[in-house]
Amino acid sequence: MKRSAIAITILAAPLLLGGCDQVQSKLGIEDQAAKAAKLEAEGKAVGGACRQSGRAIEDCYSVYYWLPKDAVYGGWREMDVYMRENQIQTIAPTLPPAPPPEDPKKKKTKKKADAEAAPAEGGEGSKDGGKEGAKEAAKEEAPAKH
């Protein structure tokens, strides 16, 4: 009896959670068509924002390299037509562009490299407890006797 309830729960959970877009994206089982549509819409929005801020299309391509170029260009072109028709001036951006998202695979290797480099640097966590660095700092601060 107990095993059948657990089995039913295990089998029903993916079916119940399968419709949740957020759960699917977290698990990495996002529908390819939905992902492509999302990137297309994001590319158009970025292209339009680049045009409105006066950024060249080539700059948009290089900054937002993970977005499809055709979508970025489409958004840029649409905003260009809209701005010309309505005589809208460009708006200078006040913030730098957002950094690109990191690849999860690169995060793991970066964390490993950081963990391996930390003990080698010899800061406060080194064997001597940072005494050498304190001694050198004290020597530099002490006045020279002549």
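**What to know about the overall build of the chain**
Reasoning step 1: A count of helices and strands for the chain gives seven helices and zero strands.
Reasoning step 2: In the chain, the succession of α and β elements from N to C terminus is α-α-α-α-α-α-α.
Reasoning step 3: Residue pairs at least 24 apart in sequence account for 64% of intrachain contacts in the chain once pairs closer than 6 positions are excluded.
Reasoning step 4: When the accessible surface of the chain is split by element, carbon and sulfur atoms take 58% of a total near 12,300 Å².

**Structural notes on the state of the cysteines**
Reasoning step 1: Tallied over the full model, the rule gives one disulfide.
Reasoning step 2: Between the sulfur atoms of Cys50 and its disulfide mate Cys60 the distance is 1.9 Å. Linking Cys50 in helix α3 (residues 32–52) with Cys60 in helix α4 (residues 57–63), this pair joins segments that are 10 residues apart in sequence.
Reasoning step 3: In this structure Cys60 comes out as buried when scored by relative accessible area, which is 0%.

**Digging into the side chain of Arg51**
Reasoning step 1: Topologically, Arg51 is positioned in helix α3.
Reasoning step 2: Of the residues examined, Arg51 reaches a relative accessible area of 14% and is grouped as buried.
Reasoning step 3: Setting aside chain neighbours within four positions, we find Arg51 in contact with Trp76, Met79, Asp80, Met83 and Thr90.

**Observations concerning unusual backbone geometry**
Reasoning step 1: One non-glycine residue, Gln87, lies in the positive phi region at around 50°.
Reasoning step 2: Here Gln87 falls in the exposed class, since its relative accessible area comes to 68%.

**A look at the nonpolar core**
Generally speaking, a soluble globular protein has its nonpolar side chains buried in company with each other.
Reasoning step 1: Core analysis: the biggest nonpolar cluster contains seven residues, these being Val46, Cys50, Ile57, Cys60, Tyr64, Leu67 and Val72.
Reasoning step 2: Looking at this core, the elements that each hand over two or more residues are α3 and α4.
Reasoning step 3: Setting aside chain neighbours within four positions, we find Cys60 in contact with Cys50, Arg55 and Val72.

**Observations regarding the confidence of the model for the chain**
Reasoning step 1: Confidence along the chain averages 74 in pLDDT terms, with 60% of residues attaining 70 or more.
Reasoning step 2: Helix α5 (residues 69–85) holds the highest mean pLDDT among the elements of the chain, 93, whereas helix α7 (residues 131–141) holds the lowest, 52.

**A short note on the pattern of salt bridges**
Reasoning step 1: Taken as a whole and judged by the stated rule, the model has three salt bridges.
Reasoning step 2: Of the charged contacts in the structure, one is a salt bridge between Arg84 and Asp80, with a shortest N-O distance of 3.0 Å. Taken together, the residues span about one helical turn, with Arg84 and Asp80 both in helix α5 at a distance of four residues.
Reasoning step 3: Residue classification places Arg84 among the exposed positions, given a relative accessible area of 62%.

**Quick look at α5**
Reasoning step 1: With 17 residues, α5 ought to run about 24 Å at 1.5 Å a step, and its terminal C-alpha atoms sit 24 Å apart, in line with that.
Reasoning step 2: All buried positions along α5 are accounted for by Ala71, Val72, Gly74, Gly75, Asp80 and Met83.
Reasoning step 3: Structurally, α5 contributes buried residues whose contacts are with α3 and α4.
Reasoning step 4: Remark: Gln87 follows α5 within two positions and exhibits a positive phi of approximately 50°.

Reading guide: rules and limits
One numbering rule holds for all chains: residues counted from 1, following each sequence as written. The model is predicted, so local features are restricted to residues of pLDDT at least 70 and side-chain atom pairs to those at 80 or more, both for listing and for counting; the totals for chains, interfaces and linings are taken over all residues. Note: side-chain values were computed over all heavy atoms of the structure, leaving out hydrogens and water. A run of DSSP states H or I qualifies as a helix once it reaches four residues; a run of E qualifies as a strand once it reaches two. Both are numbered from the N-terminal end. The criterion used for residue contact is that any of the two residues' heavy atoms lie within 4.5 Å. In short, Shrake-Rupley with a 1.4 Å probe defines the accessible areas, and a residue's cover is counted only from the protein chains shown. Cysteine sulfur atoms that pair up within 2.5 Å are treated as a disulfide. Exposed residues in this analysis have more than 50% of their type's maximum accessible area, buried residues have under 20%, and partly exposed residues fall in between, with area computed by a 1.4 Å probe over protein chains only. Definition used in this section: a nonpolar core is a set of buried Ala, Val, Leu, Ile, Met, Phe, Trp, Tyr and Cys residues joined via side-chain atoms within 4.5 Å. Values of pLDDT, ranging from 0 to 100, describe the predictor's confidence in every residue of the model. Whenever Lys or Arg places a side-chain nitrogen within 4 Å of a carboxyl oxygen from Asp or Glu, that contact is recorded as a salt bridge. Expected span, for any helix, means 1.5 Å times one less than how many residues it has.

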